[in-house]
Amino acid sequence: MSTQGDIKRLTAPDILTRKGGDPIVCLTSYHAHTARILDQHCDVILVGDSLGMVMHGLETTVPVTLDMMILQGRAVMRGSQRALVVVDMPFGSYEASKEQAFMSAVRVMKETQCGAIKLEGGKRMAETIAFLTERGVPVMAHVGLTPQSINTIGSFRAQGRDESDWARIEDDAAAVASAGAFSVVIEAVAEPLAKKITAAVAIPTIGIGASPACDGQVLVLEDMLGLSPRVPKFVKRYGDLAPSIGKAVADYAADVRARRFPTAENTYPMRTKKP
Ligand code: KIV
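I will try to describe carefully the structure that is included in this document. Keep in mind that this is a model prediction, so the values were computed, not measured.

### Here's the deal with the layout of surface pockets
Link 1 in the chain: In this structure, the largest pocket occupies an estimated 1100 Å³ of space.
Link 2 in the chain: Along its surface, the largest pocket is lined by 42 residues, and Met53, Glu187, Asp223, Pro232 and Phe234 are the ones closest to its centre.
Link 3 in the chain: Looking at the lining of the largest pocket, the elements with two or more residues in it are α3 (51-54), β8 (183-187), β10 (216-219) and α10 (221-224).
Link 4 in the chain: Looking at side-chain class alone, the lining of the largest pocket contains 22 nonpolar, 8 polar and 12 charged residues.

### So, the site of the ligand
Link 1 in the chain: Every residue close to the ligand is listed here: Thr28, Leu46, Gly48, Asp49, Ser50, Asp88, Lys118, His142, Val185, Ile208 and Val220.
Link 2 in the chain: The side chain of Ser50 places a nitrogen or oxygen atom 2.5 Å from an oxygen atom of the ligand.
Link 3 in the chain: One of the side-chain N or O atoms of Asp88 is found 3.2 Å from an oxygen atom in the ligand.
Link 4 in the chain: A total of 260 Å² of accessible area belongs to the ligand in isolation, and the protein chains cover 94% of it.
Link 5 in the chain: Most atoms of the ligand, that is more than half of them, are within 2 Å of grid points of the largest pocket.
Link 6 in the chain: Of the residues that constitute the shell around the ligand, the class distribution is 4 nonpolar, 4 polar and 3 charged.

### Some remarks on unusual backbone geometry
Trans peptide bonds make up the majority, and among non-glycine residues the majority have a negative phi.
Link 1 in the chain: Cis peptide bonds are those with omega within 30 degrees of zero, and the linkage from Phe261 to Pro262 qualifies with 0 degrees.
Link 2 in the chain: In this structure, Ala188 takes a positive phi of about 45 degrees despite not being glycine.
Link 3 in the chain: Summarising the element assignment, Ala188 is placed in the loop between β8 and α9 (191-200).
Link 4 in the chain: When its relative accessible area of 7% is taken as the criterion, Ala188 is described as buried.

### Regarding the pairing of strand β4 (residues 44-47)
Link 1 in the chain: Here β4 shows a buried face lined by Val44 and Leu46 and a second buried face lined by Ile45 and Val47.
Link 2 in the chain: As paired elements, strand β3 (residues 24-28) and β4 share 3 bridges and run parallel to each other. Across the sheet, residue Leu27 finds its bridge partner in β4, namely Ile45.
Link 3 in the chain: The parallel pair β3 and β4, bridged by helix α2 (residues 32-39), forms a crossover whose chirality is right-handed.

The rules behind each value
Residues numbered from 1 in each chain as written. Predicted model: local features only at pLDDT ≥ 70, side-chain atom pairs only at ≥ 80, totals over all residues. Heavy atoms only, no water. 1 Å grid on protein atoms, 1.4 Å probe; cavity = no way out; pocket = protein on both sides within 12 Å on 5 of 7 lines; lining within 4 Å. Points joined across faces, edges and corners; volume = space filled by probe spheres on them. Helix = DSSP H or I, 4+ residues; strand = E, 2+ residues; numbered from the N terminus. Nonpolar A, V, L, I, M, F, W, Y, C, P; charged D, E, K, R; others polar. Near = heavy atom within 4 Å. Polar contact = N/O pair within 3.5 Å; in protein donor to acceptor, adjacent residues only side chain to side chain. Areas by Shrake-Rupley, 256 points an atom, 1.4 Å probe, with all protein chains shown as cover. Sits in = over half its atoms within 2 Å of the grid points. Buried < 20%, exposed > 50% of the residue type's maximum accessible area, 1.4 Å probe, protein only. Pairing = 2+ DSSP bridges. Right-handed = clockwise from strand over helix to strand, strands pointing away.

The following block contains the structure:
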């Protein structure tokens, strides 16, 4: 349990107790200032490896490194006080062995002081999840569409649209739940399957492009704010910031070019010496 002032930060066990209760509100953040805004409304702030695309303009999350995650994880911890901060483990930092996963997770937790980590994969990661949780690392799992596998799956297409695919995804969710994950992200999965998994597992499901029946929802902040050039079909736009930023920048550029900025209010007058 970590506290700062009078505000108690939510923990992974707090989120686990929300199964079947009030929906869990989660958004991504990679910066101190957006984390401060989210903290008033979100139960969980995810420092997602989507930062590779959102902050760095990468095509996929594959090139993201542990150092990149740690740097932004520290910023988000600095900006927030109440939400549980979960930091994504990037591709290559945990898949080789449970020991590799533990050493990477320890770095993330010590250097950011976040409350939990997230990793992608179902059955294949169950042994690792058990190893981590038994050693003090709370794990949020991630099944369905797992973007770090883009080079083997070939595209970011929705999962479970054919009933013949359901058993594999259901088994993945069941495996991470029995391994000790405190919650599981279900990404881009047909709604009836997400509903079925949510009813079947004892841990909260956090949907992204899944079902409103999930125990919570997550979106990439910049996607829902209208700042990302391309967004998946399942994203609802709650804001349209790109045109406002464009207009503010155009107004500034026009003022600079016309020497209308800085004005007297934005400059420092000389001190007048008393006689
Ligand atoms: O990296 C990320 O932002 C994520 C969410 C999309 C769940 O994993």
